[in-house]
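Each chain is listed here by its residues.
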Amino acid sequence: MPVTDAIVRRLHEILIRVADIKNQINRGPKQLQLAQTQLQAAKDAVSQCKDSIKQKRLEADRKQLQQREREAKIYEWQGKMNAATNNREYQTIKEQIAADTQANSVLSDEIFEILEASDAAHTLLGELEAKLVVVQADTANAEARIHERMTVLRGDLERAEGELRATEAEIPPDFIDTYQRMVESRGEEAMAPLDDKSCGGCNTTLPPRLLDQLRLGNPIPCSSCGRLLYRPE
Ligand SMILES: [Zn+2]
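Owing to the predicted nature of the structure, the values given are computational and were not obtained by experimental measurement. All residue numbers refer to positions counted from 1 along the written sequence of the respective chain. Under the rules for a predicted model, residues below a pLDDT of 70 receive no local features and side-chain atom pairs below 80 are neither given nor counted, while totals for whole chains, interfaces and linings still include all residues.

1. Description of the overall build of the protein chain
As a reminder, the rule being used: A run of DSSP states H or I qualifies as a helix once it reaches four residues; a run of E qualifies as a strand once it reaches two. Both are numbered from the N-terminal end. In this description the radius of gyration comes from C-alpha coordinates, and the expected globular size is given by 2.2 Å times residues to the power 0.38. Distance between backbone-placed C-beta atoms decides contact: two residues are in contact if it is within 7 Å.
When helices and strands are tallied, the protein chain shows four helices and four strands. Secondary structure elements of the protein chain occur, N-terminal to C-terminal, as α-α-α-β-β-α-β-β. Taken over C-alpha atoms, the radius of gyration comes to 40 Å for the protein chain, far larger than the 17 Å a tight globule of 233 residues would show. Principal-axis analysis of the C-alpha atoms gives the protein chain an extent of 125 × 35 × 25 Å. By sequence separation, contacts in the protein chain at least 24 residues apart represent 71% of the contacts at least 6 residues apart.

2. Things to note about helix α3 (residues 173-186)
Our working definition: Here a helix's expected span is defined as the number of its residues, less one, multiplied by 1.5 Å. For the exposure call, what matters is how many other C-beta atoms sit within 10 Å of a residue's own: 20 or more marks it buried, 12 or fewer exposed, and in between partly exposed, using C-beta atoms placed from the backbone.
Between the first and last C-alpha of α3 there are 21 Å, a value that for 14 residues agrees with the 20 Å anticipated at 1.5 Å per step. Within α3, only zero of the 14 residues are buried, leaving the element largely exposed. G187 occupies a position one or two residues after α3 and carries a positive phi of about 60°.

3. Quick notes on unusual backbone geometry
In the Ramachandran plot, D196 falls in the positive-phi region, its phi being about 60° despite a non-glycine side chain. Along the chain, D196 turns up in the loop between β1 (191-195) and β2 (198-199). By the C-beta count within 10 Å, which is 9 here, D196 ends up exposed. In this model, N203 sits at a positive phi of 70°, which is unusual for a non-glycine residue. Take N203: it is sitting in the loop between β2 and α4 (208-215).

4. Topic: the packing of helix α1 (residues 5-82) against helix α2 (residues 87-168)
Short version of the rule: For every element, the axis is a line fit to its C-alpha atoms; helices are fit only across the contacting stretch, and the angle between N-to-C directions ranges from 0 to 180 degrees. In these notes the angle categories are as follows: under 35 degrees is roughly parallel, over 145 is roughly antiparallel, 65 to 115 is roughly perpendicular, and the rest is oblique. By definition, any crossing whose near helix is turned counterclockwise from its far helix by less than a right angle is left-handed, and any crossing with a clockwise turn is right-handed. Residues are grouped as follows: nonpolar covers Ala, Val, Leu, Ile, Met, Phe, Trp, Tyr, Cys and Pro; charged covers Asp, Glu, Lys and Arg; every other residue, Gly included, is treated as polar.
In the contact formed by α1 and α2, the axes pass within 5 Å of each other and the chain directions differ by 165°. On the basis of their axis angle, the class for α1 and α2 is roughly antiparallel. Crossing hand, α1 versus α2: left-handed. Classifying every residue of the contact of α1 with α2 gives 41 nonpolar, 17 polar and 23 charged.

5. What to know about the nonpolar core
The tendency in soluble globular proteins is for nonpolar side chains to be buried side by side. Operational definition: A set of buried residues qualifies as a nonpolar core if it consists of Ala, Val, Leu, Ile, Met, Phe, Trp, Tyr and Cys joined through C-beta atoms within 7 Å.
Counting 17 residues, the largest nonpolar core has V8, M191, A192, C199, L228, L229 and Y230 as its most contacted members. The set of elements that each furnish at least two residues to this core consists of α1, β1 and β4 (228-230). The element best represented in this core is α1, accounting for five residues. When near neighbours in sequence (up to four residues on either side) are disregarded, M191 contacts V8, H12, R227, L228 and Y230.

6. Comments concerning the environment of L39
Relative to the helices and strands, L39 is located in helix α1. In this view, L39 contacts V135, Q136 and T139; residues no more than four positions away in its chain are not counted.

7. Concerning the sheet that holds strand β3 (residues 220-221)
Using the following cut-off: Paired strands are those between which DSSP finds at least two bridges.
Spatially, four strands are ordered β2-β1-β4-β3 in an open sheet, and the strand pairing comes out mixed. Edge positions in the open sheet fall to β2 and β3, since each of these has one partner strand only. Taken together, the two bridges between β3 and β4 define a ladder with antiparallel strand orientation. Residue pairing across strands places P221 opposite L228, the latter belonging to β4. Along the sheet, α1 contacts β1 and β4; its crossing angle with β4, the most-contacted strand, is approximately 110°.

8. Concerning the domain arrangement of the protein chain
As a reminder of what qualifies: Domain ranges listed in this record stem from an automatic or a database domain assignment.
Each domain of the protein chain was delimited in the assignment, giving domain 1 (17-171) and domain 2 (173-233). Its C-alpha centre places domain 1 at a distance of 59 Å from the equivalent point of domain 2.

9. Digging into the environment of K131
Among the structural elements, K131 can be located in helix α2. The exposure class assigned to K131 is partly exposed, which follows from the 13 C-beta atoms found within 10 Å. When the C-alpha positions of K131 and P172 are compared, they lie 61 Å apart, and in sequence the two are 41 residues distant.

10. Observations concerning α4
Little of α4 sits inside the fold, with zero of its eight residues counted as buried. Looking one or two residues beyond α4, the residue adopting positive phi is G217, at roughly 95°.

Written out as structure tokens, the structure is:
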């Protein structure tokens, strides 16, 4: 009994379905990874912001210590200035005090800027932490959805593969080897429906001799791409 295009059509339809389900299942881990990457990015943003706040606090502390040390020095200079024995010494110390006072004033401005930046970073941290809570919930939802979808898909795949096995059992014996070779090397690309007068796989217009065969219901390989052609329903 020669193979009919009805069985080739059914096999192709199931092979396409199986391939599509497998593709969707294969995308699962990538989707899970994407959700995890987004979560990690939100976590990183929070920890980077915390680091930056810590750095600013250390910098402000360092500058404040420097400021206090210089204040102590100025106090010392003032004692020496009062005890100066000549005008030149007095002037030198006075200039030193003026220079240190100026330097401390610059430091004050710098400390103020750091504290302002630190305030801004605290505000940002609040926003990033709120965003992290949202991303965590989104990620948990996405993961649950993906796992649920995978369960459905695995069920679909099992059914489709069962259907495929049952249909393959109907393949006439003299076509079995050809079919297995075709599917092994090209998968669902091994077959194509006729599209008007062209191959549904490669779009090549088919010669009349081939079209006649196809119209009789005999599956025939495309003369161009080799896909086994069949009439669409
Ligand atoms: Zn073709």
